[in-house]
Amino acid sequence: MNECVFCKIVDGELPSRKVYEDEEILAFHDISPLAAVHVLIIPKIHITSLADCTSKHQDLLGRMLLLAPRLAKEHGLDTGFRTIINTGRGGGQTVFHLHINMFGGDRPAQA
Ligand code: 5GP
Ligand code: ZN
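These lines cover the structure that appears in this document, whether it is placed above or below. From a predicted model like this one, the values you see are computed outputs, not experimental measurements.

### Things to note about the site of ligand 1
Inference 1: Near ligand 1, the surroundings consist of 17 residues, among which H29, D30, N86, T94 and H99 are the closest.
Inference 2: The contact in question runs from an oxygen atom of ligand 1 to an N or O atom on the side chain of N86, over 3.0 Å.
Inference 3: Take V95: an N or O atom from its main chain is 3.1 Å from an oxygen atom of ligand 1.
Inference 4: Burial of ligand 1 by the protein amounts to 81% of the accessible area it has alone, namely 520 Å².
Inference 5: The set of elements that each furnish at least two residues to the shell around ligand 1 consists of α1 (5-11), β2 (25-29) and β3 (37-43).
Inference 6: Sort the elements by how many residues they give to the shell around ligand 1 and α1 lands first, with three residues.
Inference 7: The residue inventory of the shell around ligand 1, partitioned by class, reads seven nonpolar, nine polar and one charged.

Below, the structure written as structure tokens:
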């Protein structure tokens, strides 16, 4: 049984707020955003981390990366955005399914 949270999102077993989908890639809002906009860009196939990628993933990685500026623009991040790929426990990765964190914009003030 696959216990990967992001695989469950791909399979529709867990809900997500999708912002982009094609045959190979899914992008959705982070459940605990670090900024006004925080989107996760993931491959639909399970790849544990960037350290598990090989040359066969080159095109997929390129397409995932190029989605970041497109989705940033679509979400109004006109002055820029950040992209982070945490890799492995030592790299701060908490969900072990490859993902690009794309985020930016001010968080609304807390009441
Ligand atoms: P990282 O592994 O790069 O540190 O971060 C994983 C990110 O996934 C975190 O920002 C966390 O909030 C997000 N996340 C974890 N579980 C879920 C989930 O079930 N749904 C969504 N949309 N985001 C999640
Ligand atoms: Zn997975």
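### Comments concerning the packing of aromatic side chains
Inference 1: Per the counting criterion, the structure on display carries one aromatic pair.
Inference 2: Between F6 and F28, the aromatic rings sit 5.5 Å apart at their centres with planes inclined by 80 degrees, giving edge-to-face as the arrangement. Here F28 lies in strand β2 and F6 lies in helix α1, a separation of 22 residues in the sequence. In this structure, F6 and F28 share a single accessibility class: buried.

### Details of the environment of L26
Inference 1: Along the chain, the position of L26 falls in strand β2.
Inference 2: Taking the C-alpha atoms as reference points, L26 and I84, 58 residues apart in sequence, are found 17 Å from one another.

Rules used throughout
- Residues numbered from 1 in each chain as written.
- Chains lettered and ligands numbered in written order.
- Predicted model: local features only at pLDDT ≥ 70, side-chain atom pairs only at ≥ 80, totals over all residues.
- Heavy atoms only, no water.
- Near = heavy atom within 4 Å.
- Polar contact = N/O pair within 3.5 Å; in protein donor to acceptor, adjacent residues only side chain to side chain.
- Areas by Shrake-Rupley, 256 points an atom, 1.4 Å probe, with all protein chains shown as cover.
- Helix = DSSP H or I, 4+ residues; strand = E, 2+ residues; numbered from the N terminus.
- Nonpolar A, V, L, I, M, F, W, Y, C, P; charged D, E, K, R; others polar.
- Phe/Tyr/Trp six-rings, centres within 6.5 Å; stacked < 30°, edge-to-face > 60°.
- Buried < 20%, exposed > 50% of the residue type's maximum accessible area, 1.4 Å probe, protein only.

It is worth stressing that arrangement in space is one thing and function is another; only the former is reported here.
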